[in-house]
Number of protein chains: 2
Amino acid sequence: MTDTFVSNPSFFKLDATLKRIRNYWQKTFDAHKKDITVDQWLLIENLYKHKKITHNELARMTSKDITTVSRIIELLVKKELVVREGSPQDRRKVFLQLTQKGTDKYKEVRPLVLDMRKTGWAGLTEQDYTELTRILDAIYNNIP
Amino acid sequence: MTDTFVSNPSFFKLDATLKRIRNYWQKTFDAHKKDITVDQWLLIENLYKHKKITHNELARMTSKDITTVSRIIELLVKKELVVREGSPQDRRKVFLQLTQKGTDKYKEVRPLVLDMRKTGWAGLTEQDYTELTRILDAIYNNIP
DNA sequence: TTATATTAGTTGCTACTGCAACTATTGCTA
DNA sequence: TAGCAATAGTTGCAGTAGCAACTAATATAA
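These notes cover the structure that comes with them. (Residues numbered from 1 in each chain as written. Chains lettered and ligands numbered in written order. Predicted model: local features only at pLDDT ≥ 70, side-chain atom pairs only at ≥ 80, totals over all residues. Heavy atoms only, no water.)

**Comments concerning the interface of chain B and chain A**
Facing the 54 residues of chain B at the interface are 54 residues of chain A. Our count for the chain B to chain A interface comes out at six salt bridges. Between D128 of chain A and R134 of chain B there is a salt bridge, with the nearest N and O atoms lying 2.8 Å from each other. Where chain B touches chain A, the interface holds 18 residue pairs in polar contact (both at pLDDT 80 or more). (Contact = heavy atoms within 4.5 Å. Salt bridge = Lys/Arg side-chain N within 4 Å of Asp/Glu carboxyl O. Polar contact = N/O pair within 3.5 Å; in protein donor to acceptor, adjacent residues only side chain to side chain.)

**Structural notes on the relation of the copies chain B and chain A**
With an axial shift of 0.0 Å and an RMSD of 0.0 Å, the rotation relating chain B to chain A amounts to 180 degrees. Seen this way, the second copy is the image of the first under a two-fold rotation axis. For chain B, the residue whose C-alpha comes nearest the rotation axis is L132 of chain B, separated from it by 3.1 Å. Mapped onto chain A, 100% of the interface residues of chain B again fall at the interface, so both copies present the same surface. (Least-squares fit on C-alpha atoms with pLDDT ≥ 70 in both.)

**What to know about unusual backbone geometry**
Unusually for a residue other than glycine, D35 of chain A sits at a positive phi of about 50 degrees. When you line up the elements, D35 of chain A lands in the loop between helix 2 (10-31) and helix 3 (38-50). By relative accessible area, D35 of chain A is classed as exposed at 53%. A positive phi angle is found at K33 of chain B, which is not glycine, with a value near 50 degrees. Inspection of the secondary structure assignment puts K33 of chain B in the loop between helix 2 (10-31) and helix 3 (38-50). (Helix = DSSP H or I, 4+ residues; strand = E, 2+ residues; numbered from the N terminus. Buried < 20%, exposed > 50% of the residue type's maximum accessible area, 1.4 Å probe, protein only.)

**Describing the protein's contact with DNA strand D**
Taken together, the neighbourhood of DNA strand D is formed by 27 residues, with T37 and R71 of chain A together with K27, S70 and R71 of chain B sitting nearest. Per the 4 Å cut-off to the protein, sugar and phosphate atoms form 72% of the nearby atoms of DNA strand D. T37 of chain A is positioned such that a nitrogen or oxygen atom in its side chain is 2.5 Å from a phosphate oxygen of DNA strand D. In this structure, a base oxygen belonging to DNA strand D sits 2.9 Å away from a side-chain N or O atom of R92 of chain B. If you list the elements that add at least two residues to the surface near DNA strand D, you get helix 3 and helix 5 (66-78) of chain A together with helix 2, helix 4 (55-62) and helix 5 (66-78) of chain B. In terms of residue count, the dominant contributor to the surface near DNA strand D is helix 5 of chain A (five residues). Within the surface near DNA strand D, the residues separate by chemical class into three nonpolar, eleven polar and 13 charged. (Near = heavy atom within 4 Å. Nonpolar A, V, L, I, M, F, W, Y, C, P; charged D, E, K, R; others polar.)

**Description of the pattern of salt bridges**
All names here are of chain B. Tallying each qualifying case throughout the model produces 29 salt bridges over all chains. Salt-bridge contacts for E108 lead to K34; the nearest nitrogen and oxygen are separated by 3.2 Å. In this pair, E108 sits in helix 6 (residues 100-121) while K34 sits in the loop between helix 2 and helix 3, placing the two residues 74 residues apart along the sequence. Its relative accessible area of 13% is what places K34 among the buried residues. Two residues, R117 and E45, come together in a salt bridge whose shortest N-O distance is 3.6 Å. Here the residue R117 occupies a position in helix 6, and E45 occupies one in helix 3, the gap between them amounting to 72 residues. Since its relative accessible area comes to 7%, R117 is described here as buried.

**Quick notes on the pairing of strand 3 (residues 94-98) of chain A**
All names here are of chain A. Of the pairings in the sheet, the one linking strand 1 (residues 53-54) to strand 3 comprises two bridges and is antiparallel in character. Paired with T54 across the bridge in strand 3 is F95. When strand 2 (residues 82-86) meets strand 3, the two strands line up antiparallel, connected through five bridges. Among the inter-strand pairings, R84 is bridged to a residue of strand 3, identified as L96. (Pairing = 2+ DSSP bridges.)

**Topic: helix 6 (residues 100-120) of chain A**
Residue and element names in this part refer to chain A. When the terminal C-alpha atoms of helix 6 are compared, their 30 Å separation across 21 residues agrees well with the 30 Å that a helix rising 1.5 Å per residue should span. At V109, helix 6 shows its largest bend, some 30 degrees, and a proline, P111, comes one to four positions later. Among the residues making up helix 6, those that are buried are G102, T103, K105, Y106, V109, L112, V113, L114, M116, R117 and G120. (Expected span 1.5 Å × (residues − 1). Bend = angle between axes of the 7 residues up to and from the residue.)

**Description of the packing of aromatic side chains**
Within this structure, the stated rule accounts for eight aromatic pairs over all chains. Between W121 of chain A and Y129 of chain A the ring centres are 5.3 Å apart and the planes differ by 65 degrees, which places this aromatic pair in the edge-to-face class. Per residue, the accessibility class of W121 of chain A equals that of Y129 of chain A, and both read buried. It is K51 of chain A that lies over the ring of Y48 of chain A; its NZ or CZ is 4.3 Å from the centre. The ring of Y140 of chain A carries the charged tip of R20 of chain B above its face, separated from the ring centre by 4.0 Å. (Phe/Tyr/Trp six-rings, centres within 6.5 Å; stacked < 30°, edge-to-face > 60°. Lys NZ or Arg CZ within 6 Å of the ring centre and 35° of its normal.)

And the structure:
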């Protein structure tokens, strides 16, 4: 591997791309008055798929710090999109669930997200997707 | 492009990989007592390369908001790694430059960064790098 | 069974992000 | 040249990120 190669700013490119996507998503949510942030959406999406999970599990699934999840959930509870429910078996645990309003929000926002993903991948192939996944996974797993 | 494909969480994978890299870099900086954050490093790196630029130019180069750059620079000035110098030609502009201490910091930290890049790319080829760049650029340019 | 370790979650703190509103300065145009 | 638009930068605000220290509850080991 050449030195030029190693010096190249892949970190920067990842960061720039992600920011661009995040920005686009947020602007689209705002334009459609969805009253939601990108990260709030990510939590809702996972809660929809897994129905009833704890802060910890949600944190692992979303690659977020438990602290961060706890605070985003706080906001979602205030918006009445999520309810917290203590576990009777283990009183340390708190189960999270979408409310009806939360489920409705999911169904409202999901089409926007699908559209935006299509936009982002325009002109790219499934092969490209596989490659991207492979390379990102490799980098991820290289890091101690 | 299939629906399964579009539903796949590429955003999430990008985010997770970037967080992992960022975390690894920060922990390495801390372990070597470099007293610097990853984003502070990115600004220093660009100031080293471009010597004398404004907040605006630095923001464009790093894909950061001018606001963010302004505040990170504030911290770097406090650490005496950067000096601000008003432009006599255009009194709205402020030129930024590394101090000697800032230049020293750059030279101190740079080897760590090169090592970490090598670690991240272990087992991957230049071809992989080219592919990643191509795909990320395509996504970036697809976004309106 | 008591002491200790582990686990779940919250709170405090510092830093990065991005929008909106603001000041100061410069450029452009009627 | 007066008036307005554009540009550079800062400040206020809300949200995300992650570490450290904390509480509460559960699990484990002497």
